[in-house]
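Observations on chain architecture
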Amino acid sequence: MVTHTRNWCSVFNPSKCTHTAVRSEHTPGAVGSYISSARGATGGSVPCSRALHSWWTEVQMGPPDPILGVTEAFKRDTNSKKMNLGVGAYRDDNGKPYVLSCVRKAEALIASKMLDKEYLPIGGLGDFNKACAELALGPDSEVLKSKRSITVQTISGTGSLRIGANFLSRFHTVARDVYLPKPSWGNHTPIFRDAGMQLKAYRYYDPATCGFDFTGALDDVSKIPEHSVIMLHACAHNPTGVDPRPEQWKELSAVIKKRKLLVFFDMAYQGFASGDIDRDAWAVRYFLEQGHNVLLSQSFAKNMGLYGERVGGFTVVCADAEEAKRVESQLKILIRPIYSNPPMNGARIASTILSTPELRSTWLEEVKGMADRIIKMREMLVTNLKKEGSTHNWQHVIDQIGMFCFTGLKPEQVERLTKEFSVYMTKDGRISVAGVTSGNVGYLAHAIHQVTK
Amino acid sequence: SRRSSSQKFTAYLHSILNFFFIFLSSWWTEVQMGPPDPILGVTEAFKRDTNPKKMNLGVGAYRDDQGKPFVLSCVRKAEAQIAAKKLDKEYLPIGGLAEFSKACSQLALGPDNEVLKSGRSITIQTISGTGSLRVGANFVSRFHNASRDVYLPKPSWGNHTPIFRDAGMQLKAYSYYDPKTCGFDFKGALHDISKIPEKSVIVLHACAHNPTGVDPRPEQWKEMAALIKKRNLLVFFDMAYQGFASGDIDRDAWAVRDFIEQGHNILLSQSFAKNMGLYGERVGGFTVVCKDVEEAKRVESQLKILIRPIYSNPPMNGARIASTILNTPELYKEWLVEVKDMADRIITMREMFVSNLKKEGSTHNWQHVTEQIGMFCFTGLKPEQVERLIKEFSIYMTKDGRISVAGVTSANVGYLAHAIHAVTK
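Since we're looking at a predicted model, the values are computed, not measured. (Residues numbered from 1 in each chain as written. Chains lettered and ligands numbered in written order. Predicted model: local features only at pLDDT ≥ 70, side-chain atom pairs only at ≥ 80, totals over all residues. Heavy atoms only, no water.)

Here we come to the overall build of chain A. Helix and strand counts for chain A stand at 19 helices and 13 strands. Of the contacts formed within chain A by residues at least 6 apart in sequence, a portion of 74% connects residues at least 24 apart. Approximately 18000 Å² of chain A is accessible, and the part contributed by carbon and sulfur atoms is 54%. (Helix = DSSP H or I, 4+ residues; strand = E, 2+ residues; numbered from the N terminus. Contact = heavy atoms within 4.5 Å. Areas by Shrake-Rupley, 256 points an atom, 1.4 Å probe, with all protein chains shown as cover.)

Dropping the structure here:
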């Protein structure tokens, strides 16, 4: 079988080489004849004939990442008023990346210790794992006291989810299905799919109200086959910013328990949603109290601003300490052939902050500061939209919580915002409120009003 | 107390029910206790040992002559430079820090390499060597439809097997180590390679073969390159020790560069764990040498799609350090000196080890200890002898008799020789 190759060499330099008929079935000497025919056609040595073989002819150009691709497009834009509301990275009120002061202090402390750079254990920095679990579960958690959970350090939230997905794929043999809320973070899908799981969905967001479709969620969840995995965003749902209320969480917990589903919590915004770390972890802790033995992914990218340091944790709550040991051993066996052991720097910073009382206090204040600024920007955006004369109901902008706001804008409107106003967001109408400042909120309101009036 | 007795009773009942629910909802009953990692498990056992003479010759991490972990001075300087810049912590691109990736590929291929000039390769930052190999394994699994087979040298680094297997590839092997000579089984390797089905993947250790320390000589590499070309195999180089083997980064990269010159469009994994001592910072690179720029772009786009659902983007700290060193002339020079010093100390330890063994009265041929290269030495010890070394002398190594020469010092080399003589005489 001969296939055409997309070969620019032969298209643009026809006199130089002839690669058109290369992909043939294996025949002895095929390679040799390929080389000699190339030389014969060109009559001499030619750069492309040194390229012995194209191994990757069939590799297609892939689409850019929908979220990270937004930033790339933003960078290329020369409009001075441009706004990047794509990726969820916090910005201060001057639109600048913000390194927390507790982080700088922790770094100074660490630097002064002149620590070595020896490999961490496969499961990561022990002190970090302990503090990470305590942050999520609360220091008085019965789970932690009984040592019936295992927490491993991971490569931020994505790394944590993927380890969890791989673990499920290997050991949760009773079901292949993972149920995501509709919509969910875009990367959830390839994470579970590449790990070998099947993706399904349950209703979550109600576009009619820009709020939580509680009835729809309960209805769908009540029909999920037993032992399936259900993914829940612990707080500050991404991309919608729509969270269940406590009484709604309670009902969900009961239905999920009745359906015997395996709960996988994704908590990427603890502290960032309400400004209060315990309040944001309420759902996780409630589910544990109700007897759900959850899987939990945590990220410190946003709440500690440690984005590029890649700090996260993955926790499995087990029946008892013995089961936790078995699970731990298998997590290590899974991790070792992916990256051997996790990066040390960010974990040292996070661990130092969590275990040093003054730094921890400072951190809690700074997280609250970030959350408060976002809440303020939500309010200013709505105020400005009203000032612009918008008659739409923008209440959801204030009701939603966390870094993101699901504006309700349609793809065509999003496209206009990008093309006409250089305001960048993902196609689903999600904006990162963290990218809004007192300096640009007026422009944003103006632009949104223009495309929605 | 604030709760009435009926409330307390309800809570008690609740906790009993939850106990049963927990008991009933054990998700992981079938999960077996797994064996400890053969290499990292050695360190864990070592840590538990209370013998003051204990020696950890398990994991390949360099130690100075006091047996202490060594942070390179060029690394400390780079860190100070980076700290002074007060950089932010924004996400790196999916493919990592661009200045790092560029310098990383230049280090491997040489700055004047035709491949780099033509732009027909893509190098991305990875989570050290393991992360690089796994990304490569996943890429091959997804896109190299012509074959599922990956051929490893016999023996190879233990982790190669689960890396490729978990990525969905089949593992096969070609002869490599000759236990009779403790050297390279050149004939056996050529023989096996000549039978490998076309388009299979063949993994080659670029230098300082792990675990044996046995490398082909340049003329042997040339024959292998020609044969591999004839068999039309996809070459995957693992270069974890550039600079560490001979002390010379260009010499250690010779095989990689020669294969490329011979027209092999290789895959290449690099690690900076050892040669820059950046172990726990997890710094590495993965390179795909393509036919042309256009192919490199397509491959790059697919690498990003593959990486995004594994870890989104790589850790910044180690890449910044490595990039600073590689791109700052004085630091780069200093690094080359420090790498050579590490390699030289290891060579010295090999020599001292052999002379001490002779002094002990050993009549075995220990020539291979000084002929082998890099961090590891395949002693030729049998599992029973390794077990005695651990139990009777608190000398820890992997069961295959591999020792990390980096763990040997002028102070303990005598004890090591004594112990090895005791179990082999």
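This part is about the overall build of chain B. Within chain B one finds 17 helices and 13 strands. The dimensions of chain B, computed from C-alpha atoms along their principal axes, are 85 × 60 × 50 Å. Among the 425 residues that make up chain B, the fraction classed as buried is 63%. Counting contacts in chain B only where the partners sit at least 6 residues apart, residues at least 24 apart contribute 75% of the total. Surface accessibility of chain B: about 16900 Å² in total, with carbon and sulfur atoms responsible for 56%. (Buried < 20%, exposed > 50% of the residue type's maximum accessible area, 1.4 Å probe, protein only.)

Okay, the pairing of strand β4 (residues 198-203) of chain A next. All names here are of chain A. Sheet topology note: the strand β3 (residues 177-182)/β4 ladder contains six bridges and is parallel. Looking across to β4, one finds that Y179 is bridged to K200. Where the polypeptide runs from β3 across helix α9 (residues 188-194) and back to β4, its parallel neighbour, the crossover connection is right-handed. (Pairing = 2+ DSSP bridges. Right-handed = clockwise from strand over helix to strand, strands pointing away.)

Helical periodicity: at 3.6 residues per turn, an α-helix aligns residues three or four positions apart in one direction. Those residues of helix α8 (residues 186-193) of chain B that sit buried are F186, G188, A189, L190 and I193 of chain B. As for α8 of chain B, its buried residues are in contact with β4 (170-175), β6 (183-184), β7 (201-205) and α9 (218-230) of chain B.

With that settled, consider the side chain of Q153 of chain A. Tracing the sequence through the fold places Q153 of chain A in strand β2 (residues 149-155). Within the local environment of Q153 of chain A, its side chain forms a polar contact with the backbone nitrogen of L125 of chain A, the two atoms lying 2.9 Å apart. (Polar contact = N/O pair within 3.5 Å; in protein donor to acceptor, adjacent residues only side chain to side chain.)

This part is about the sheet that holds β7 of chain B. All names here are of chain B. Taking strand neighbours across the sheet as the criterion, the seven strands line up as β2-β10-β9-β8-β7-β3-β4 in an open arrangement whose pairing is mixed. In this open sheet, the two strands that pair with only one neighbour each are β2 (121-127) and β4. Neighbouring strand axes in the sheet, compared pairwise and without regard to direction, differ in orientation by 25° on average. Inspection of the sheet shows β2 paired to strand β10 (residues 283-289) by seven bridges, in the antiparallel sense. Pairing of T126 across the sheet is with G284, part of β10. Contacts from helix α12 (residues 293-311) reach β2 and β10 within the one sheet, and its direction differs from that of β2 by about 15°. (Axes fitted to C-alpha atoms, helices over the stretch in contact; angles between N-to-C directions.)

Summing up the model confidence of chain B, the mean pLDDT is 94 and the portion of residues at 70 or higher is 96%. Both scores are given for the predicted complex: the pTM is 0.91, the ipTM 0.93. (pLDDT = per-residue confidence, 0-100.)

So, on to the sheet that holds strand β10 (residues 311-317) of chain A. Residues and elements named next belong to chain A. Taking strand neighbours across the sheet as the criterion, the seven strands line up as β2-β10-β9-β8-β7-β3-β4 in an open arrangement whose pairing is mixed. Each having just a single partner strand, β2 and β4 make up the two edges of the open sheet. For this sheet the average axis-to-axis angle between neighbouring strands, irrespective of direction, equals 25°. Bridge analysis of strand β8 (residues 262-267) against strand β9 (residues 295-299) gives four bridges, and the strand direction is parallel. What sits directly across from F265, in β9, is L296. Packed on one face of the sheet, helix α14 (residues 321-339) meets β2 and β10 and runs near 15° to β2.

Glancing now at the pattern of salt bridges. Residues and elements named next belong to chain A. All chains considered together, the criterion is met by 43 salt bridges over all chains. E107 is the salt-bridge partner of R104, the closest N and O atoms lying 3.0 Å from each other. Note that R104 and E107 are positioned in helix α5 (residues 101-112) at a spacing of three residues, about one turn of the helix. Since its relative accessible area comes to 23%, R104 is described here as partly exposed. (Salt bridge = Lys/Arg side-chain N within 4 Å of Asp/Glu carboxyl O.)

What follows deals with the interface of chain B and chain A. Listed as interface residues are 90 residues of chain B and, on the opposing side, 96 residues of chain A. Looking only at chain B, the three residues that lose the most surface to chain A are W27, W28 and K89 of chain B, adding up to 12% of its buried area. Inspection of the chain B/chain A interface yields eight salt bridges. E107 of chain A serves as the salt-bridge partner of K89 of chain B, at 2.7 Å between the closest nitrogen and oxygen. Our count for the chain B to chain A interface comes out at 40 residue pairs in polar contact (both at pLDDT 80 or more). In terms of residue count, the dominant contributor to the side of chain B that touches chain A is α12 of chain B (13 residues). For the side of chain B that touches chain A, the residue count by class is 41 nonpolar, 21 polar and 28 charged. (Buried area = accessible area lost by both parts, 1.4 Å probe. Nonpolar A, V, L, I, M, F, W, Y, C, P; charged D, E, K, R; others polar.)

Looking now at helix α16 (residues 357-388) of chain A. Taking 1.5 Å of rise per residue, 32 residues should cover 46 Å, and α16 of chain A covers 46 Å from first to last C-alpha, within 8% of that figure. Two residues or fewer past α16 of chain A, G389 of chain A is found with a positive phi of approximately 100°. (Expected span 1.5 Å × (residues − 1).)

The next point concerns the packing of helix α11 (residues 246-258) of chain A against helix α13 (residues 282-289) of chain A. All names here are of chain A. Contact geometry for α11 and α13: axes closest at 10 Å, N-to-C directions at 40°. Between α11 and α13, the crossing angle belongs to the class labelled oblique. The element α11 and its partner α13 pack so that their crossing is right-handed. Counting all contacts with α11, which are made through P246, W249, K250, L252, S253 and I256, the residues of α13 involved are W282, A283, Y286 and F287. (Parallel < 35°, antiparallel > 145°, perpendicular 65-115°, else oblique. Left-handed = near helix turned anticlockwise from the far one by under 90°.)

Below, the discussion takes up the environment of Y174 of chain B. All names here are of chain B. In this structure, Y174 sits in strand β4. Judged by relative accessible area, Y174 falls into the buried class, the value being 1%. Residues Y174 and A137, spaced 37 residues apart in sequence, show a C-alpha to C-alpha distance of 18 Å.

A word on the packing of α14 of chain A against helix α6 (residues 128-143) of chain B. For the pair α14 of chain A and α6 of chain B, interaxial distance at closest approach is 5 Å and the crossing angle is 85°. With respect to their mutual orientation, α14 of chain A and α6 of chain B come out roughly perpendicular. Residues R336, P337, I338 and Y339 of chain A of α14 of chain A lie in contact with α6 of chain B, whose contacting residues are T130, G131 and R134 of chain B.

Right, let's get into the nonpolar core. Among the nonpolar cores identified, the biggest contains 280 residues, and W56 and F265 of chain A together with W28 and F237 of chain B are the most heavily contacted of them. Two domains share this core, each providing at least three of its residues, namely domain 2 (66-98 + 371-452) and domain 3 (119-355) of chain A. Ignoring any residue separated from it by four or fewer positions in sequence, one finds F237 of chain B in contact with L204, H205, A206, W221, A255, V256, F259, I266, L267, L268 and S269 of chain B. (Core = buried A, V, L, I, M, F, W, Y, C linked by side-chain atoms within 4.5 Å. Domains from an automatic or database assignment.)

Turning to the UniProt feature "domain: Aminotransferase class I/classII large" (unreviewed entry) in chain A, a few remarks are in order. In the numbering used here, UniProt assigns the feature "domain: Aminotransferase class I/classII large" (unreviewed entry) to residues 81-448 of chain A. Across residues 81-448 of chain A, the secondary structure splits into 46% helix and 15% strand, with the terminal C-alpha atoms separated by 14 Å. (UniProt positions renumbered as here; feature names shortened; annotations may be inferred.)

Attention shifts here to the confidence of the model for chain A. Scored by pLDDT, chain A has a mean of 89; 88% of the residues are at 70 or more. In this model, residues 1-51 of chain A is a region of pLDDT below 50 whose contacts with residues beyond four sequence positions or in other chains number 60 contacts.

This part takes up the packing of aromatic side chains. Summed over all chains, the structure comprises 39 aromatic pairs over all chains. Summarising the aromatic geometry, the rings of F100 of chain B and F272 of chain B are spaced 5.5 Å apart at their centres and angled 70° between planes, so their arrangement reads as edge-to-face. In this pair, F100 of chain B is assigned in helix α4 (residues 98-109) and F272 of chain B in the loop between β9 (267-271) and β10, connecting sequence segments 172 residues apart. Ring centres 4.9 Å apart and planes at 45° place the aromatic pair F139 of chain B and F143 of chain B in the tilted group. Of this pair, F139 of chain B and F143 of chain B both sit in helix α6, four residues apart, which is roughly one turn of that helix. For the pair F139 of chain B and F143 of chain B, a shared accessibility class is recorded, and that class is buried. One aromatic cluster in this structure is built from Y90, Y98, Y269, F272 and F404 of chain A. Above the ring of F74 of chain A, the side-chain terminus of K82 of chain A is found at 4.4 Å from the ring centroid. Over the aromatic face of F376 of chain B sits the side chain of R402 of chain B, whose NZ or CZ is 3.7 Å from the ring centroid. (Phe/Tyr/Trp six-rings, centres within 6.5 Å; stacked < 30°, edge-to-face > 60°. Lys NZ or Arg CZ within 6 Å of the ring centre and 35° of its normal.)

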